[in-house]
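Chain residues, written in single-letter form:
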Amino acid sequence: MREWTASQGGVWWDEDGLALIEQTLLPEEYRVLRPRTLAEVADAISRLAVRGAPAIGIAAAYGLVVALDEAAPSTAPEAGRLLDGAAETLRRTRPTAVNLAWALERVLAEAGAHAPISAASYRAAVFGAARELAREDRELCRRIGLSGVEALGSARRILTHCNAGALATGGYGTATAPLYLLHERGEAVSVLADETRPLLQGSRLTAWELHRAGIPVRVTADGASGALMARGLVDAVIVGADRIAENGDTANKIGTFNLALAAAYHGIPIYVAAPFSTFDPKTPDGSAIPIEERAPEEVLAFAGRRVAPEGVTSLNLAFDVTPHALVTAFLTDQGVLRPPYPASIARLSRQGVS
Ligand code: MRU
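What counts, and at which threshold
- Residues numbered from 1 in each chain as written.
- Predicted model: local features only at pLDDT ≥ 70, side-chain atom pairs only at ≥ 80, totals over all residues.
- Heavy atoms only, no water.
- Helix = DSSP H or I, 4+ residues; strand = E, 2+ residues; numbered from the N terminus.
- Rg over C-alpha atoms; globule rule 2.2 N^0.38 Å.
- Buried < 20%, exposed > 50% of the residue type's maximum accessible area, 1.4 Å probe, protein only.
- Contact = heavy atoms within 4.5 Å.
- Areas by Shrake-Rupley, 256 points an atom, 1.4 Å probe, with all protein chains shown as cover.
- Lys, Arg positive; Asp, Glu negative; His and termini not counted.
- Charge placed at Lys NZ, Arg CZ, Asp CG, Glu CD.
- Domains from an automatic or database assignment.
- Buried area = accessible area lost by both parts, 1.4 Å probe.
- Salt bridge = Lys/Arg side-chain N within 4 Å of Asp/Glu carboxyl O.
- Nonpolar A, V, L, I, M, F, W, Y, C, P; charged D, E, K, R; others polar.
- Pairing = 2+ DSSP bridges.
- Axes fitted to C-alpha atoms, helices over the stretch in contact; angles between N-to-C directions.
- 1 Å grid on protein atoms, 1.4 Å probe; cavity = no way out; pocket = protein on both sides within 12 Å on 5 of 7 lines; lining within 4 Å.
- Points joined across faces, edges and corners; volume = space filled by probe spheres on them.

### Considerations on the overall build of the protein
From N to C terminus, the protein includes 11 helices and 15 strands. Taking 20 Å as the expected radius of gyration for a compact globule of 354 residues, we find that the protein reaches 20 Å, a close match to that expectation. Its C-alpha atoms put the protein at 65 × 50 × 40 Å along the principal axes. When burial is assessed residue by residue, the protein has 56% of its 354 residues classed as buried. In the protein, once contacts between residues fewer than 6 apart in sequence are set aside, the share between residues at least 24 apart is 75%. In the structure as shown, the protein presents an accessible area of about 14,300 Å², 54% of it carried by carbon and sulfur atoms. Within the protein, the 40 negative side-chain charges are centred at a point lying 3 Å from the centre of the 34 positive side-chain charges.

### Some words on the domain arrangement of the protein
On domain assignment, one finds that the protein holds domain 1 (6–138) and domain 2 (139–350). Each of domain 1 and domain 2 was reduced to a C-alpha centroid, and the two centroids are 25 Å apart. Each partner contributes to the interface: domain 1 provides 34 residues, whereas domain 2 provides 37 residues. Interface area, domain 1 with domain 2, both sides summed: about 2,800 Å², of which 54% is carbon and sulfur. Sorting the residues of domain 1 by area buried against domain 2 places R51, T96 and V98 first, and these three jointly supply 22% of that buried surface. Across the contact surface, domain 1 and domain 2 share two salt bridges. K282 serves as the salt-bridge partner of E105, at 3.7 Å between the closest nitrogen and oxygen. Among the elements of the structure, helix 2 (53–71), helix 4 (98–113) and helix 5 (119–152) are those that each provide at least two residues to the side of domain 1 that touches domain 2. In terms of residue count, helix 4 provides more of the side of domain 1 that touches domain 2 than any other element does, five residues in total. Per-class residue counts for the side of domain 1 that touches domain 2 are 15 nonpolar, 10 polar and nine charged.

### Description of the sheet that holds strand 2 (residues 17–21)
The three strands are arranged 1-2-3 in an open sheet whose pairing can be described as antiparallel. With partners counted over all chains shown, the strands left at the sheet margins are strand 1 (11–14) and strand 3 (32–33), one partner each. As paired elements, strand 2 and strand 3 share two bridges and run antiparallel to each other. Within the sheet, the bridge partner assigned to I21 lies in strand 3 and is V32. In this fold helix 2 packs onto strand 1 and strand 2, with an angle of close to 35° to the strand it touches most, strand 1.

### Focus: the layout of surface pockets
Within this model, the largest pocket holds a volume of roughly 240 Å³. Among the residues forming the lining of the largest pocket, the class breakdown is six nonpolar, two polar and three charged.

### Let's talk about empty space enclosed by the protein
Taken as a whole and judged by the stated rule, the model has three cavities of 30 Å³ or more. Its boundaries defined by the atoms lining it, the largest cavity holds a volume of some 210 Å³. What lines the largest cavity is a set of 24 residues, among which G52, A53, N163, D242 and N252 lie closest to the centre. Of all the elements in the fold, those that place two or more residues in the lining of the largest cavity are helix 2 and strand 9 (250–253).

Structure representation (structure tokens):
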């Protein structure tokens, strides 16, 4: 198996078909999953084997190809019906990250626009659209990185939350993209990674990929961010996003809102890094963003051991919404967006990059 590098992202298609890094096993084990059925792709997304908004969009797009290969429809109309059903199954796996629904819609629209005359030509069109989406994501990450470098100025000590890294995208990540770019240029960037309870994406994933890349990273307890800022150890915060409403309210991993409050108190900039596909023109503000609730056991147990009394349950919100007033700027593939947000966000093009 070839050595993984960050520029590869967390999901790709190669000569053996769809490949997903099994992120639940990191950092102990690096394993590549090869889902061969629609149910396996949906399961990988649901249980966070592949996660992060852009990565689940790419996985779902390729999941449509997997569904066609599995069912082998014999006519174009049959393939069309199958694709609609597969898209519905995939869409239901995770509700908050808008990239998932966006990717499915885009691939279906592009493939359908070719008016495929046979099941084989439908498959070719779907595969082409999914591959283009994945290729584009790599480029979007790079452009987000450039926006980040511009916005950061001389800030080099960065705090981040969850994993909005290479593992969460098809390329260099979103929040991590400026860090990889600065590191490549020989700049002394360093990172504080919130551990990110309950599933530890910060300590398991962000620390794993940054450490592999040679970027100095220290894992910190989620509750430590205020103290770290008070000690003057943080120049800027960069986080990713799962959905950004029209007004700039931002859904991201639970704990992001607390981080934004702490950053505002200390006068530290907090940047949200995201491609245009994470901005949802159909969602007017944060109150309209569906927030995924996950199994109580994720909070009640730690590393397989129960850490709450028997009989107690939990409320496990996977995401929170940071009000736009707390966001210093958005780092996008189309530059740095600053307040007032409805206006700067409205100027984003939704055409993608060629
Ligand atoms: O539940 P997860 O691990 O999928 O949550 C991921 C995040 O919150 C990321 O910050 C977000 O998807 C951006 S990924 C570039």
